[in-house]
Amino acid sequence: MAESQSQHRQELEKLVVLSNCRSQDRGPILGFLLAAGAIAVGGFLILHGKEVSGLVALTGALVAVVVPFLYGKRVQRKEREIEEKRREQLPSGQDDEWEYSHPPQPSREGQRSKRST
């Protein structure tokens, strides 16, 4: 029973990971299609004499694509700066924040003196 439960859990985890990967792939593709559609509609409107509406559609599509890109780059740069500052504050040789340190052990001499009293 334990083996079948373990196998079932692993299959579910695999499905969740695959589903998340598909979702992450679909987002940029759908965003591109939406932006391309808005640009196409803007171009169509401009060609048919609706310059203002066409420019609004083109500008909106470009802003919708460029602003998240620039914002993402700024967030990445800030995260990188924070990481660099954190690394500078650590003493040399302690780059791993998950490093395990052992608690101090009492000396053997202290234990001997307690036993002899």
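Keep in mind it's a predicted model, so treat the numbers as computed, not measured.

On to a nonpolar patch on the surface, then. A cluster of nonpolar side chains, contributed by Ile-39, Leu-62, Val-65, Val-66, Phe-69 and Leu-70, occupies part of the molecular surface with about 540 Å² of accessible area. Looking at the nonpolar patch element by element, the count peaks at five residues for helix H2 (residues 51-89). The residue Leu-70 is located in helix H2 in this model.

The next thing to look at is helix H1 (residues 2-47). When the terminal C-alpha atoms of H1 are compared, their 67 Å separation across 46 residues agrees well with the 68 Å that a helix rising 1.5 Å per residue should span. Looking one or two residues beyond H1, the residue adopting positive phi is Gly-49, at roughly 85°.

What follows covers the environment of Leu-34. Mapped onto the fold, Leu-34 is located in helix H1. Separated by 27 residues in the primary sequence, Leu-34 and Ala-61 place their C-alpha atoms 8.2 Å from one another.

Let us look at a positive patch on the surface. A cluster of basic side chains, namely Lys-73, Arg-74, Arg-77, Lys-78 and Arg-80, defines a positive patch on the protein surface. You can see Lys-78 is positioned in helix H2. Judged by relative accessible area, Lys-78 falls into the partly exposed class, the value being 48%.

Turning next to H2. Since one α-helical turn is 3.6 residues long, residues separated by three or four positions face the same way. With 39 residues, H2 extends 56 Å between its outermost C-alpha atoms, agreeing within 8% with the 57 Å of an ideal straight helix rising 1.5 Å per residue. Regarding H2, the residues found buried are Gly-54, Ala-57 and Ala-61. The elements touched by buried residues of H2 are H1.

Let us now look at the confidence of the model for the protein. Taken as a whole, the protein shows an average pLDDT of 80; of its residues, 78% reach a score of 70 or greater. Confidence, expressed as mean pLDDT per element, reaches its minimum in the protein at helix H3 (residues 108-116) with 53 and its maximum at H1 with 88.

Take Val-56: it is sitting in helix H2. Owing to a relative accessible area of 56%, Val-56 belongs among the exposed residues under this scheme. Between the C-alpha atom of Val-56 and that of Ile-39, which follows or precedes it by 17 residues, the distance is 9.9 Å.

Conventions adopted
Numbers given to residues run from 1 along each chain, matching the order in which its sequence is written. Two thresholds apply to this predicted model, a pLDDT of at least 70 for residue-level local features and 80 or more for giving and counting side-chain atom pairs, whereas whole-chain, interface and lining totals are computed over all residues. To get the side-chain values, take all heavy atoms of the structure and skip hydrogens and water. Two joining distances apply to patches: 9 Å for like charges and 5 Å for nonpolar side chains (Val, Leu, Ile, Met, Phe, Trp, Tyr), and every residue must have over 30% relative accessible area and no salt bridge. Only the protein chains shown count as cover for residues, and all accessible areas are computed by the Shrake-Rupley method using a 1.4 Å probe. By salt bridge we mean one thing: a side-chain nitrogen of Lys or Arg within 4 Å of a carboxyl oxygen of Asp or Glu. Helix and strand labels come from DSSP, where a helix needs a run of H or I of at least four residues and a strand needs a run of E of at least two; each type is numbered from the N terminus. For a helix, the expected span equals 1.5 Å multiplied by the residue count minus one. In summary, the charge assignment counts Lys and Arg as positive and Asp and Glu as negative, without counting His or the chain termini. Charge coordinates come from a single atom per side chain, which is NZ of Lys, CZ of Arg, CG of Asp or CD of Glu. For every residue, the accessible area obtained with a 1.4 Å probe (protein chains only) is divided by the maximum for its type, and the residue is called buried under 20%, exposed over 50%, and partly exposed between those limits. By the convention used here, residues are in contact when the closest approach between their heavy atoms is within 4.5 Å. pLDDT is a residue-level measure of predictor confidence that goes from 0 to 100.

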